[in-house]
Amino acid sequence: GVTDTRGTLISTQKKKTIGVGIPKIWISNEFEGARAIDFYQVNKDTFEILIEPENFPINNSPWYSFNIWSDQEQSIVLRLTYKEGSHRYIPKLTKTIDSLQFAETSPINHIHISDGVATFNLNVYKNPQQISAHPLEGIRYSDLLKQLDIYKNTSTYIDTVGYSLLGRPIIELTINDSSSITNKGILALLSRQHPPETSGYRTYQEFFNTLNGNTELAKTFRKHFIVKAYPIVNPDGVVNGHWRHSAAGIDLNRDWINFNQPETRSVRDALSTYVSQNGWQLYYGIDFHSTNENIFYPILEEIKTFPDNLTQQWFKKVIEENPSLNFTSEEFDTSSPVSKNWFFHTFGSDALTFEVHDELSLEEIRILGENSAN
């Protein structure tokens, strides 16, 4: 009854720059994280971009990202149409300082949605603008690798624990400054199994940085606990602008029983080996995701974990610290092949799927990540 995760064919997105109309309007998907399949002129003022997933059936997480510019400044109507999906994410417009450097980002308001198609007015210029389901700045995989350099200090380590199907590194971050303590606990963090879920990824970043910070609380925590973090479990999906799946066409968060895919095997082997070789207890696992609400998916309270019902205790504090975010909780049994249940079945630990609203602002994410870590 477990989801088949052996792999299936995907439709590889062709990288290209397309110009239509007179004067020409151009779009391009020739960058990491882009997704736009085709571009058409519908009538004198209306232009349409086709967005389709890597394969289907698939969760309705229709990621898109493209650059758009014109030979001559003009106002147009832009239409986003989807194959095997319908509009979900509010478009974010990033204006450029020049052709290489992106500047301010803001949501596009006044969108008309009908039958899953989004239509809005747009001013286009000679300099490219980027339109994405969520801002790409700081999210592209190459950017992540550069950002990881900030963690190179005496207590934080960066390793490659495996490679994706297309040969991209699976990165592991370790926070360990508890060398004087013999009985150490481990906290495991996962993120970006699903490429479009950037609010969950950013919350993970704030959470990790808080644990890695210079507060007395963080320093005390690190005397007793090691953090093992896997920031981007699905790098192929992130780079190629996938809606949900890996390069094998698989939802990686359904591969935590059979481990058919190299990405999940890499995390499994690295974490299991570390725990067994050192004889330490994994206390808790958190997998950060995004959806259309703020919600915790914990293990059923009646299932005994170690520590027992940690999520239920923590959840009360999270909602107290973030009352405006309207957090809810929905418990599940441990039968499904997701990472949370692998943590429990392998280590006996409590574990959580931490879901963050798609459209949380950067400031709300910063506060949530910091508060929940504290």
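Values in this document were obtained by computation on a predicted structure and should not be read as measured data.

Asks: Quick question: what am I supposed to make of the layout of surface pockets here?
Replies: Gaps between atoms show up when a probe of the same size as a water molecule is rolled over them. In this structure, the largest pocket encloses a volume near 550 Å³. Residue lining of the largest pocket: 25 residues in total, with Phe-221, Trp-314, Ser-372, Ala-373 and Asn-374 positioned closest to the centre. Those elements that provide at least two residues to the lining of the largest pocket are strand S14 (185-191), helix H2 (198-211), helix H3 (216-224), strand S16 (281-291), helix H6 (310-321) and helix H8 (362-373). Looking at which element gives the most residues to the lining of the largest pocket, the answer is H6, with six residues. Here the residues of the lining of the largest pocket are counted per class, giving 16 nonpolar, seven polar and two charged.

Asks: Help me understand the side chain of His-87 in this model?
Replies: By secondary structure assignment, the location of His-87 is in the loop between strand S6 (74-82) and strand S7 (92-96). A polar side-chain atom of His-87 sits 2.7 Å from a polar atom in the side chain of Tyr-82. With near-sequence residues (within four places) excluded, His-87 lies in contact with Tyr-64, Leu-80, Tyr-82, Ile-113, Gly-116 and Ala-118.

Asks: When you look at the pairing of strand S12 (residues 156-163) in this model, what are you seeing that I'm missing?
Replies: Successive side chains on a regular strand alternate, one facing one side of the sheet and the next facing the other. Bridge count between S12 and strand S13 (residues 169-175): seven bridges; the pairing is antiparallel. Bridge pairing in S13 places Tyr-157 opposite Thr-174. Linking two consecutive strands that pair antiparallel, namely S12 and S13, is a turn of five residues; a positive phi of about 90 degrees is found at Gly-167 within it.

Asks: Is there a simple way to explain the packing of aromatic side chains in this structure?
Replies: Where two aromatic rings form a pair, the distance of their centres and the angle of their planes describe that pair. What the rule picks out here adds up to 26 aromatic pairs. Among the aromatic residues, those joined into a cluster by ring pairs are Tyr-201, Tyr-204, Phe-207, Phe-208, Tyr-284, Phe-288, Phe-296, Trp-314, Phe-315, Phe-327 and Phe-354. Here the guanidinium or amino end of Arg-192 rests over the ring plane of Tyr-201, the centre of that ring lying 5.2 Å away. Above the face of the Tyr-274 ring, Lys-228 is positioned so that its terminal group lies 3.8 Å from the ring centre.

Asks: Got a minute to help me understand the sheet that holds S13 in this structure?
Replies: The strands making up a sheet associate through hydrogen bonds between their backbones, and the pairing can be parallel or antiparallel. Strand order in the open sheet formed by eight strands is S12-S13-S15-S14-S16-S19-S17-S18, with mixed pairing between adjacent strands. If you trace the sheet from one side to the other, it starts and ends with S12 and strand S18 (328-329), each paired once. Contacting S12, S13, S14, strand S15 (225-230) and S16, helix H5 (residues 262-278) runs over the sheet at an angle of about 165 degrees to S15. Against the sheet, helix H7 (residues 339-347) makes contact with S14, S16, strand S17 (295-298) and strand S19 (350-357), and its axis sits at roughly 170 degrees relative to S16, the strand it touches most.

Calculation criteria
Residues numbered from 1 in each chain as written. Predicted model: local features only at pLDDT ≥ 70, side-chain atom pairs only at ≥ 80, totals over all residues. Heavy atoms only, no water. 1 Å grid on protein atoms, 1.4 Å probe; cavity = no way out; pocket = protein on both sides within 12 Å on 5 of 7 lines; lining within 4 Å. Points joined across faces, edges and corners; volume = space filled by probe spheres on them. Helix = DSSP H or I, 4+ residues; strand = E, 2+ residues; numbered from the N terminus. Nonpolar A, V, L, I, M, F, W, Y, C, P; charged D, E, K, R; others polar. Polar contact = N/O pair within 3.5 Å; in protein donor to acceptor, adjacent residues only side chain to side chain. Contact = heavy atoms within 4.5 Å. Pairing = 2+ DSSP bridges. Phe/Tyr/Trp six-rings, centres within 6.5 Å; stacked < 30°, edge-to-face > 60°. Lys NZ or Arg CZ within 6 Å of the ring centre and 35° of its normal. Axes fitted to C-alpha atoms, helices over the stretch in contact; angles between N-to-C directions.

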